[in-house]
Structure formats: structure tokens, C-alpha cells
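Examination of the molecular architecture
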Amino acid sequence: MKRYKILFTVLTLFLGSYLAQAQNKYEREHRIKKCQFHSNAHAFLEEKLKDARRIRFYKETDSTKVSFEAKFKKDKLQYSVEFDEEGNLEDIEILINEVDIPEDTWSTISYYFQEEFEKYKVKRIQQQYVAIEQESVDVTLNNAFQNLLLPSVNYEIMVAGKTKSIYEDFEILFSADGTFVNRRKSLPANYDHVLY
């Protein structure tokens with residue numbers, strides 16, 4: 001009987017640490033050369049980004065997947081375009097400020113922060129256009145480049161939040177109306193890449 005209790009305790013601890021790890025963002029992003037970027041994704045970008053400046057290429061690895069990301073400036077905005085391992089478009093993100101979010105939406109998001117944290121500091125906000133099957137990638141790209149506020153837009157917000165007397169970094173996703181979608185704890189920033 002004692003053996004089963006020990007086995008149960010070990011399994012519980014293992015499963016608990018695995019589930020806690022799933023809620024954390026173990027992400028490693030490093031800059032790569034253009035020739036190391038996925039060829040399909042590069043061909044797509046080359047056709048679409050005629051007037052983009054400062055294009056940088058990255059490979060991102062987290063605990064569940066590998067993706068490729070291109071970061072650039074276009075029309076005075078900073079963009080990030082992410083592709084999966086096969087070179088399919090996943091999402092397009094634009095670095096924005098709090099004032100770029102509709103007032104009602106920001107009120108809902110702020111209320112969430114006030115309820116969840118003793119103190120908090122918003123570090124980065126990105127407006128996210130997710131590629132969906134019902135829509136062509138050209139439509140997704142055009143929506144992002146026009147910076148349209150659509151019901152399908154998400155807001156990905158990096159926050160330093162204080163809970164139980166310690167500050168931790170979180171990446172929190174909200175829908176277009178400010179509804180909470182998910183939250184992941186982030187590791188400290190990786191300073192060998194650009195954050196935008």
C-alpha cells in the first residue's frame with residue numbers, strides 16, 4: 001500500500017509540473033539569414049513587401065512548435081509576420097499603443113489587469129490578425145496593412161504583473177472586444193533579438 005502512495009505522489013508531482021509548464025511560454029527566438037528562412041514564406045513575402053524596410057528574419061522555437069518570423073517597418077508601423085514550419089501564414093502582428101485600442105475594449109482589458117494583479121505594467125501591445133481557413137492570406141495581409149479594426153482582431157499584451165509580492169512577465173491574449181482568451185507566463189526577455 002505504501003508503494004502505491006509513493007507512486008501516486010510521484011505521478012501527481014510529475015503531472016502537476018507538466019501542466020504548469022504548459023502554461024509557461026518557453027520561447028527562443030534567434031535571428032537567421034535570409035537563406036535560412038523558409039523558402040515558401042520568403043517567396044510570399046518577397047512578392048508582398050515591395051515597400052517594407054529593415055526586414056529581419058527569425059526562427060522561433062517554443063515548447064510545442066517551430067516557426068519563422070519576419071519583422072519589418074512599413075508605412076511607419078512595425079510588423080511581425082509569422083509562418084509555421086511548412087511556410088503557411090499563421091498571423092500578422094502590428095506593434096501598437098494603448099490609444100490605438102477602442103476605449104470600451106481597453107476598459108475591459110484594464111479591468112482584467114486590476115482584478116488579476118496587485119500592480120501591473122504594460123510592456124508591449126500587438127494587434128494580431130490570425131490567418132483563418134475561410135479567408136485567403138491576401139485578405140489577411142491587406143487587412144493588417146490597412147490596420148483595420150475587425151471583430152476577428154486579437155490583442156496580445158506583454159505585462160509585468162505583481163502577484164503574491166513578486167513580479168512576473170505574462171503574455172495575455174484578448175479578443176477584439178477585450179474578452180480574455182488566454183494567459184501564459186513568459187521567461188525573461190531574450191536580449192539577442194529585437195522585440196516587435
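Below you will find a few notes about this structure. Bear in mind the structure is a predicted one, so any value in this text is a computation, not a measurement. (Residues numbered from 1 in each chain as written. Predicted model: local features only at pLDDT ≥ 70, side-chain atom pairs only at ≥ 80, totals over all residues. Heavy atoms only, no water.)

Quick notes on the environment of Met 158
For Met 158, the location among the structural elements is in strand E8 (residues 154–163). Placed 35 residues apart in sequence, Met 158 and Lys 123 show a C-alpha to C-alpha distance of 5.4 Å. Every residue in contact with Met 158, bar those within four places of it in the chain, is listed here: Lys 121, Val 122, Lys 123, Arg 124, Asp 169, Phe 170, Glu 171 and Ser 186. (Helix = DSSP H or I, 4+ residues; strand = E, 2+ residues; numbered from the N terminus. Contact = heavy atoms within 4.5 Å.)

Here's the deal with unusual backbone geometry
Its identity as a non-glycine residue notwithstanding, Lys 76 has a phi of 65°, on the positive side. A relative accessible area of 78% means that Lys 76 is categorised as exposed. (Buried < 20%, exposed > 50% of the residue type's maximum accessible area, 1.4 Å probe, protein only.)

A short note on the packing of aromatic side chains
Per the counting criterion, the structure on display carries 16 aromatic pairs. Ring centres of Phe 113 and Phe 117 lie 6.4 Å apart, and the angle between their planes is 40°; this geometry places the pair in the tilted category. Using a relative accessible area of 4% as the deciding quantity, one classes Phe 117 as buried. Taking 5.7 Å as the distance between ring centres and 80° as the angle between the ring planes, the aromatic pair formed by Phe 113 and Phe 174 counts as edge-to-face. Of this pair, Phe 113 sits in helix H3 (residues 103–116) while Phe 174 sits in strand E9 (residues 166–174), placing them 61 residues apart in sequence. (Phe/Tyr/Trp six-rings, centres within 6.5 Å; stacked < 30°, edge-to-face > 60°.)

Focus on the pairing of strand E7 (residues 119–130)
Two elements, strand E6 (residues 89–96) and E7, share six bridges in a ladder whose sense is antiparallel. Directly across from Ile 94, in E7, lies its bridge partner Gln 127. Pairing analysis gives nine bridges linking E7 to E8, with the strands arranged antiparallel. Bridged to Gln 126 within E8 is Glu 156. (Pairing = 2+ DSSP bridges.)

Some points on the side chain of Lys 74
Along the chain, Lys 74 turns up in strand E4 (residues 66–74). Residues within four places of Lys 74 in sequence aside, it is in contact with Asp 51, Ala 52, Tyr 79 and Phe 145.

Some thoughts on helix H4 (residues 137–145)
Taken together, the buried positions of H4 are Thr 140, Leu 141, Asn 143, Ala 144 and Phe 145. Tucked inside the fold, the buried residues of H4 contact helix H2 (39–48), E4, strand E5 (77–83), E6 and E7. Asn 147 sits one or two positions beyond H4 and adopts a positive phi of about 55°.

Purely geometric numbers; function is a separate question.
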